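Structural characterization, general
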Amino acid sequence: MSKPIALLAYQNVDLEKQQVESNLRTTEARVRLNKLSKLLKTQQATLTKLADDLEVVAATAQKLNQQYQAAVKRLELESSELEILEGDEETTAEEMTEFRQDVEKLGKELGAIEKQLKQTYASLEQQVAEFQKTRQIGSKAKKEYDQLREVCTKEKEDAQKALNALDLEMTRLERDVDPRLMARYKRARMHHGTPVVPVRDAKCSGCNVGLPTLALSRLLGEGAVIECENCGRLLYIDRD
Ligand SMILES: [Zn+2]
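Treat the numbers as computed from the prediction; the structure is a model and nothing was measured.

**What about the packing of helix H2 (residues 28–87) against helix H3 (residues 93–174)?**
Running from N to C, H2 and H3 point in directions that differ by 160°, and their axes come no closer than 6 Å. The orientation of H2 with respect to H3, classified from their angle, is roughly antiparallel. Note that H2 runs across H3; the crossing there is left-handed. Taken together, the residues that form the contact of H2 with H3 break down as 36 nonpolar, 14 polar and 15 charged.

**A look at the packing of helix H1 (residues 5–25) against H3**
Closest axis-to-axis distance for the H1/H3 pair is 10 Å, and the angle between their directions is 170°. In terms of their interaxial angle, H1 and H3 are classed as roughly antiparallel. Judged by residue contacts, Ala6, Ala9, Tyr10, Val13, Asp14, Glu16, Lys17, Val20 and Leu24 of H1 engage Glu155, Lys156, Ala159, Ala162, Leu163, Leu166, Glu169, Met170, Leu173 and Glu174 from H3. Of the residues belonging to the contact of H1 with H3, the class tally is 12 nonpolar, no polar and seven charged.

**Some remarks on the nonpolar core**
Core analysis: the largest hydrophobic core is formed by 16 residues, its most contacted members being Val196, Cys204, Val225, Leu234 and Leu235. Of all the elements in the fold, those that place two or more residues in this core are H1, helix H4 (179–189), strand S1 (196–200) and strand S4 (234–236). Ignoring anything within four residues of it in the chain, the contact list for Leu235 reads Val197, Val199, Cys204, Leu219, Val225, Ile226 and Cys228.

**With respect to the domain arrangement of the protein**
The assigned domain composition of the protein is domain 1 (11–174) and domain 2 (179–236). A straight line from the C-alpha centre of domain 1 to that of domain 2 covers 60 Å. With four residues of domain 1 at the interface, the matching set in domain 2 holds five residues. Per-element tally for the side of domain 1 that touches domain 2: the top contributor is H1, with three residues.

**Observations concerning the pairing of S1**
Of the pairings in the sheet, the one linking S1 to S4 comprises three bridges and is parallel in character. Following the sheet pairing, Val196 is matched in S4 by Leu234. As judged from the two bridges shared by S1 and strand S2 (residues 203–204), these two strands associate in the antiparallel manner. Bridged to Arg200 within S2 is Lys203. Between S1 and S2, which pair antiparallel in sequence order, lie two residues; one of them, Asp201, sits at a positive phi of approximately 50°.

Criteria and cut-off values
Residues numbered from 1 in each chain as written. Predicted model: local features only at pLDDT ≥ 70, side-chain atom pairs only at ≥ 80, totals over all residues. Axes fitted to C-alpha atoms, helices over the stretch in contact; angles between N-to-C directions. Helix = DSSP H or I, 4+ residues; strand = E, 2+ residues; numbered from the N terminus. Parallel < 35°, antiparallel > 145°, perpendicular 65-115°, else oblique. Left-handed = near helix turned anticlockwise from the far one by under 90°. Nonpolar A, V, L, I, M, F, W, Y, C, P; charged D, E, K, R; others polar. Contact = placed C-beta atoms within 7 Å. Core = buried A, V, L, I, M, F, W, Y, C linked by C-beta atoms within 7 Å. Buried ≥ 20, exposed ≤ 12 C-beta atoms within 10 Å, placed from the backbone. Domains from an automatic or database assignment. Pairing = 2+ DSSP bridges.

Quick look at the structure:
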């Protein structure tokens, strides 16, 4: 009995390849890039919302401004009318009082609009400041993101060279493996990072389930490999 040497050699390179890929996904630059990518997405959503809010407040300010202008015009008109009435001898005291009350009322209305306008402008200013601050943070993050992206691209290129070399080696090693065995390996590989594992204490060392005696006896042949009925990994006896 002996190990399925060619298959294990193939798997070793496969594992090496997985390691290169996994390292690439977890480099400092890649991890930070992923974080920044999420941050930028959130920022973009915040900016969109802030811009929408701004639009609403700006529209309110514009409407109030129009109301204010209209009220000023009416007040001017009534004030000049008041002057005429005051100069007219036929104007009764009652008429004067009534008119003065109207003017007073209009003045109050104007004051109220002015107050609202002030509040609206204040909140507009605040929102503009928040928008600019958010955008500033965003553009800083974007700059870092772009730099990291370059680093990640370089890392990927380097890793790709290594991966290509490993692929070549795997192609070479595959020639030494029985095609039927390779097909079984590839099937098991879909579910397991390490598809070929040794038997330990009459158990599959992948899933730790014990093997029936019959299965164990089938492993006694030269380079014999069987499938674990529980997890589908390929099993061999680790003895030379
Ligand atoms: Zn198993």
